[in-house]
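# Per-entry structural report
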Amino acid sequence: MISEIEITIRLLLGAVLGGIIGFERQTHGRQAGFRTQMLVCIASVLLMIVSEYYQHLSFMNPSYVRVDPGRIAAGAITGVGFLGAGVILKTGATVQGLTTAACLWMVSAIGLSVGAGFYLAGILSCGITLFALLFLRMIEKKMPKLIYRNITITAEDSLDIDTVITQITVPYLHIKNIDYEKDTIKKEITYEINTSLKYSGQIKTILTNLASITSIKKISIKG
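Described in the following lines is the structure provided in the data block. (Residues numbered from 1 in each chain as written. Predicted model: local features only at pLDDT ≥ 70, side-chain atom pairs only at ≥ 80, totals over all residues. Heavy atoms only, no water.)

### Remarks on the sheet that holds strand β5 (residues 188–197)
In a beta sheet, neighbouring strands pair by backbone hydrogen bonds and run either parallel or antiparallel. Pairing is antiparallel in the open sheet, where four strands are placed in the order β4-β5-β3-β6. The two strands at the open ends of the sheet, each matched to only one other strand, are β4 (174–183) and β6 (216–222). Strand-to-strand twist of the sheet, defined as the mean angle between neighbouring strand axes without regard to direction, takes the value 15 degrees. One ladder, built from nine bridges, connects β4 with β5; its direction is antiparallel. For Y180, the partnering residue across the bridge sits in β5 and is Y191. Contacts from helix α7 (residues 202–211) reach β3 (147–156), β5 and β6 within the one sheet, and its direction differs from that of β6 by about 170 degrees. (Pairing = 2+ DSSP bridges. Helix = DSSP H or I, 4+ residues; strand = E, 2+ residues; numbered from the N terminus. Axes fitted to C-alpha atoms, helices over the stretch in contact; angles between N-to-C directions. Contact = heavy atoms within 4.5 Å.)

Structural data, given as structure tokens:
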């Protein structure tokens, strides 16, 4: 059975490690920030301590129900999964919150390792996580990546899609999908075009080209 001093050390270490990662998330304006990450880590530490306590009771008293210490840990990971799902937001083709959700999962794993007494594993995992969040962020920004945009065009029903494609065609643009909607009463047609671009500056060029078509009534470009 672990001592009260050991319990205190584990809880405080969990609070420090979870708080460090949470501070990084807080400074970047994420929903699950300093307090959330800290509480998740402390909760994971506590659950692991409770799990070890029940295992200790099962060895001390043979008549006591034997408990697998890994079952509570598995339940903690499952619960954190629900928290992670709550911070993931999808707007059009853009998904936000995946890194924060992964941080919650990682913080829980760190807390479980500290709660089990694997201090070195918990501290190293915290350091690697911070390295990924801080330093790899700078590398990621320099990496080339595609820009996804949804172009919605409302025009007179006489406007042909080939004319639209001609105006939006710029270097490195790829059309992924085109949806059609026609209003026979207003005699309007709506095109929803999903595209991928290489440079953000091309969006302004596309908007200018489309604005030159007199039959177009409304243009919307969203990510």
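### Re the environment of Y180
As for its placement among the helices and strands, Y180 is situated in strand β4. Sequence separation of Y180 and E192 is 12 residues, and the distance between their C-alpha atoms is 6.5 Å. Contact partners of Y180, with chain neighbours within four places excluded, come to I161, T190 and Y191.

### Brief notes about the packing of helix α4 (residues 98–115) against helix α5 (residues 119–142)
One way to put it is that α4 packs onto α5 with a least axis distance of 8 Å and a crossing angle of 165 degrees. It follows from the interaxial angle that α4 and α5 lie roughly antiparallel. When the axes of α4 and α5 are compared, the crossing they make is left-handed. Residues T99, C103, M106, I110, S113 and V114 of α4 form the contact with α5, whose own contacting residues are Y119, A121, G122, S125, C126, T129 and L133. Split by residue class, the contact of α4 with α5 holds eight nonpolar, five polar and no charged. (Parallel < 35°, antiparallel > 145°, perpendicular 65-115°, else oblique. Left-handed = near helix turned anticlockwise from the far one by under 90°. Nonpolar A, V, L, I, M, F, W, Y, C, P; charged D, E, K, R; others polar.)

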